[in-house]
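A closer look at the structure
Listed below, chain by chain, are the residues.
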Amino acid sequence: MKRNAQDITLSSRRVSRRGLILGGVQLGIGALVLGRMRYLQVDQADEFLLLAEENRIKVRLIAPERGVIYDRNGIELAGNEQIYRVSMIRQDADDADAVIANLRGLVKLDEEVLQRALREMDRRPHQSVTLADRLTWDELSMISVNVPALSGITPEVGLSRSYPMGQDYAHVIGYVGSVSERDIEDAENPDPLLLTPQFQIGKIGVEQRLEDDLRGRAGAMRVEQNAAGRIMRELGRTESGPGADVQLTIDAGLQNFTQARLGTESASAVVMDVLNGDIVAAVSSPSYDPNMFVSGISVPDYSGLRDNDRRPLHNKIVQGLYPPGSTFKMAVIMAAMEAEVITPDEQIYCGGYINVSNRRFHCWKRGGHGNVDMAKSLRESCDIYYYEMAQRTGIDNIARMARRLGLGIAHDIEMTSISEGLIPDRDWKRTRRGEDWYVGDSLNAAIGQGYVLTSPLQLAVMTARIASGLEVNPRMVRSVGGVARPSGVQGPLDLPRSWLDRARDGMFQVVNAPKGTAGGSKFDLAGMKWAGKTGTSQVRNITTAERAKGVISNEDLPWDRRDHALFVGYGPYENPRYSVSVVVEHGGGGSTVAAPIARDIMLYALNNGMPPLDAYPSRDREKVEGILSDLKLNPAISSRTSGTSEA
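Because the structure is a prediction, the values reported are computed rather than measured.

Cut-offs and rules
- Residues numbered from 1 in each chain as written.
- Predicted model: local features only at pLDDT ≥ 70, side-chain atom pairs only at ≥ 80, totals over all residues.
- Heavy atoms only, no water.
- Helix = DSSP H or I, 4+ residues; strand = E, 2+ residues; numbered from the N terminus.
- Buried < 20%, exposed > 50% of the residue type's maximum accessible area, 1.4 Å probe, protein only.
- Areas by Shrake-Rupley, 256 points an atom, 1.4 Å probe, with all protein chains shown as cover.
- Axes fitted to C-alpha atoms, helices over the stretch in contact; angles between N-to-C directions.
- Parallel < 35°, antiparallel > 145°, perpendicular 65-115°, else oblique.
- Left-handed = near helix turned anticlockwise from the far one by under 90°.
- Contact = heavy atoms within 4.5 Å.
- Salt bridge = Lys/Arg side-chain N within 4 Å of Asp/Glu carboxyl O.
- Core = buried A, V, L, I, M, F, W, Y, C linked by side-chain atoms within 4.5 Å.
- Phe/Tyr/Trp six-rings, centres within 6.5 Å; stacked < 30°, edge-to-face > 60°.
- Lys NZ or Arg CZ within 6 Å of the ring centre and 35° of its normal.
- Patch = residues over 30% accessible without salt bridge, like charges linked within 9 Å, V, L, I, M, F, W, Y side chains within 5 Å.
- Pairing = 2+ DSSP bridges.
- Arc of directions from axis to C-beta.

**Concerning the overall build of the protein**
Helix and strand content of the protein: 23 helices and 23 strands. A total of 647 residues make up the protein; the buried ones form 50% of that total. Of the roughly 30500 Å² that the protein leaves accessible, carbon and sulfur atoms contribute 49%.

**Topic: the packing of helix 10 (residues 252-262) against helix 22 (residues 590-607)**
Running from N to C, helix 10 and helix 22 point in directions that differ by 160 degrees, and their axes come no closer than 10 Å. In terms of orientation, helix 10 and helix 22 fall into the roughly antiparallel class. Note that helix 10 runs across helix 22; the crossing there is right-handed. Residues Gly-253, Leu-254, Phe-257, Thr-258, Arg-261 and Leu-262 of helix 10 pack against Pro-596, Ile-597, Asp-600, Ile-601, Tyr-604 and Ala-605 of helix 22.

**Notes on the pattern of salt bridges**
The full count for this structure, using the stated rule, is 29 salt bridges. Across the pair Arg-475 and Asp-278 runs a salt bridge whose closest N-O atoms are separated by 2.7 Å. In this pair, Arg-475 is assigned in the loop between strand 17 (470-472) and strand 18 (477-480) and Asp-278 in the loop between strand 11 (267-273) and strand 12 (279-285), connecting sequence segments 197 residues apart. With respect to class, Arg-475 is no different from Asp-278; both count as buried. Salt bridges sharing common partners tie together Arg-66, Arg-161, Asp-191, Glu-207, Glu-211 and Arg-215.

**Points about the nonpolar core**
Residues Val-172, Ile-173, Leu-248, Phe-328, Met-334, Tyr-385 and Leu-405 are the most contacted members of the largest nonpolar core, which totals 98 residues. With residues up to four places along the chain from it excluded, the contact list for Tyr-385 reads Ile-333, Ile-342, Glu-346, Ile-348, Val-372, Asp-373, Met-374 and Ser-377.

**A few points about the packing of aromatic side chains**
In total, this model carries 13 aromatic pairs according to the counting rule given. Seen from their ring centres, Phe-523 and Trp-530 are 5.4 Å apart, and the 20 degrees between their planes marks the pair as stacked. For the pair shown, Phe-523 and Trp-530 are each scored as buried. One aromatic cluster is present, formed by Tyr-175, Tyr-288 and Phe-293 through successive ring pairs. One cation-aromatic arrangement involves Arg-310 over Trp-559; the distance from NZ or CZ to the ring centre is 3.8 Å. Above the face of the Tyr-353 ring, Arg-360 is positioned so that its terminal group lies 3.7 Å from the ring centre.

**Describing the side chain of Thr-463**
You can see Thr-463 is positioned in helix 19 (residues 456-468). Thr-463 has contacts with Met-507, Val-568, Gly-569, Tyr-570 and Ser-579, leaving out every residue within four places of it along the chain.

**Structural notes on a nonpolar patch on the surface**
Side chains of Ile-21, Val-25, Ile-29, Val-33, Leu-34 and Met-37 sit close together on the surface and give an oily, nonpolar patch of about 570 Å² of accessible area. One can find Ile-29 in helix 1 (residues 2-43).

**Section: the environment of Met-330**
Along the polypeptide, Met-330 turns up in helix 13 (residues 329-338). If near-sequence neighbours (up to four positions away) are discounted, Met-330 is found in contact with Leu-378, Met-462, Ile-466, Ala-503, Met-507, Lys-533 and Val-568.

**Brief notes about the packing of helix 13 against helix 16 (residues 395-404)**
With their axes 8 Å apart at the nearest point, helix 13 and helix 16 run at an angle of 120 degrees to one another. Considering the angle they form, helix 13 stands oblique to helix 16. Crossing of helix 13 over helix 16 shows right-handed handedness. Residues Ala-331, Val-332, Met-334, Ala-335 and Glu-338 of helix 13 form the contact with helix 16, whose participating residues are Asn-397, Ile-398, Met-401, Ala-402 and Arg-404.

**Things to note about the pairing of strand 14 (residues 353-356)**
Across the two faces of strand 14 the burial differs, with Ile-354 and Val-356 buried and Tyr-353 and Asn-355 not buried at all. Relative to strand 15 (residues 359-362), strand 14 is paired through four bridges, and the arrangement is antiparallel. Paired with Ile-354 across the bridge in strand 15 is Phe-361. Counted along the chain from strand 14 to the antiparallel partner strand 15, the turn is two residues long, and its residue Ser-357 has a positive phi close to 50 degrees.

**As for the sheet that holds strand 22 (residues 564-571)**
Spatial ordering of the open sheet is given by 12-11-23-22-21, a layout of five strands whose pairing is antiparallel. The open sheet has two edge strands with one neighbour each: strand 12 and strand 21 (531-537). Neighbour to neighbour, the strand axes of the sheet diverge by 5 degrees on average, direction disregarded. As paired strands, strand 21 and strand 22 are joined by seven bridges and run antiparallel to one another. Paired with Gly-532 across the two strands is Gly-569, which belongs to strand 22.

**As for the environment of Arg-475**
Using a relative accessible area of 13% as the deciding quantity, one classes Arg-475 as buried. Through-space distance from the C-alpha of Arg-475 to that of Ile-250 is 9.6 Å; in sequence the pair is 225 residues apart. Sequence-distant contacts of Arg-475, defined by excluding residues within four places in its chain, comprise Thr-249, Gly-277, Asp-278, Ile-279, Arg-485, Pro-486 and Ser-487.

**Let's talk about helix 16**
All of the buried residues in helix 16 are Ile-395, Ile-398, Ala-399, Met-401 and Ala-402. For helix 16, the angular spread of buried residues about the axis comes to 165 degrees, placing them on one side. Its buried side turned inward, helix 16 meets helix 13, helix 15 (383-393), helix 17 (426-433), helix 18 (439-446) and helix 20 (497-512).

**Some points on unusual backbone geometry**
Across the junction of Ser-285 and Pro-286, the peptide omega takes the value -5 degrees, indicating a cis bond. Note that Pro-286 resides in the loop between strand 12 and helix 11 (291-294). Cis geometry marks the peptide bond from Gly-571 to Pro-572, where omega comes out at -10 degrees. Within the chain, Asn-358 stands out as a residue other than glycine whose phi angle is a positive 60 degrees. Take Asn-358: it is sitting in the loop between strand 14 and strand 15.

Given below as structure tokens:
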């Protein structure tokens, strides 16, 4: 009995030690659990509450309404229209293929758009992608009724960009398009809006250059979703801020008339207010409808534009570079006067050609012009006179004068891919070509050929500076968000008036004198006359053999081998208001092709509307009436009074 009692006592002691150890372990685990519970439920309560809310509540950005673009008179050129569309988030769909198949049974889906959407969903399965847009109200209603059976599908009402003037402003305003990966990569600090599904940004033109102003400020909407990802209710929102409205200097009536007057030619025209630099018309032809690009242009449509030999996608206003031909001659005579190597009354004999450095340089008039002074050299566009000026003046002096007149400069206006052009000099050839400058290079440059390249915009600026005597720069945007942009006038042009008057007088004779090269394009509008200069630039070499037989006429050459036709002018002559430049690619002669177009455009600008027939010489009225009556003008604006007279 004693042994048993002792054994029981020892066993109790051992049980007590085990119990203590086990109890300690349990207490330790309990303490850890309690500590963890406190951490989760007290210390980190806010964070885990937010995570739980995010599983139920989503914050969506609200895209702002894009700013509207107007012409100088308040006519809408780029606006926003309400559209209906259907989008899908692949991640929220139970079976994406089955959902799309069911959707096909409700509405017709464009196959090209659908395939593009599927590729986008593969890259971004968690983001909304548009499957179809510009649906009718009935189609949207049908989808909305069937949404419970279409997981991941959301019918939406949104805004899309629209261009009511169609092709008139494609090269000026440009267009918007969906944000691309490259757009995001190019942005230093990408706006969260760029990641918003279906968000559109400016791609070219004013839309691109003023993107930050036009875009606006994003809003936010908090919505509650169920387990299937469908929106149950809206919990609150912060409204978006619309983009700034933009007013251009361009006049819709004149722009439409200019577009129609250029017709199907591969051409461009610029009209500029010589007093303040306002561009009142800027057209590149042929054009295209920018509305095609808003929701994604089809491959056949894009191929048709890309492969057109008249290059409708190319902005000839600022990207087109052409030898200016004889329109360059005003810069040469002013450089010669500045160098004091010629007086206006000095005569130079033109016999049809001269020999320089064992090479023959021809005048355009085979028999020559005889004795030529400065006024006659412009009036009849004698090349021999300018060959002599080139040798006396030197290319560096000519280049400096050309740049002072606005040539060879990438003028900063709200267009994209603006070309600088080329006004060559000795340093340019040595640096860029590693060659010396030869006298023959100077002779070619003096008649606007050789290395010289200018854009239609630059030619309009040059003409405006000659006409006004002001250092005027082009301005295309009048105001942004109601805040006016500064005038394009920098002050007086640092050239003596006597030099400018010599150029102006010669230009007046070009149009109004009996032997002027543009005598067929004169007008008399309420006593107003105008001045100008023709230009024809070669795009091919004329061989000695061809010259001996007789130069082949442009009409007998393939289109792309014909000369470019150019004309620059300003009016009225006595009190200049507008300058105009017209370039017709492979049009032939500047006097026969470009000058009549420029005349009609100038008359429209000066008349504030359609040119009256009595402004034309009586011999031309029947022909002009036929041309004007055949123009395809926009009926919404063609009957209104233009506002180009506004300062």
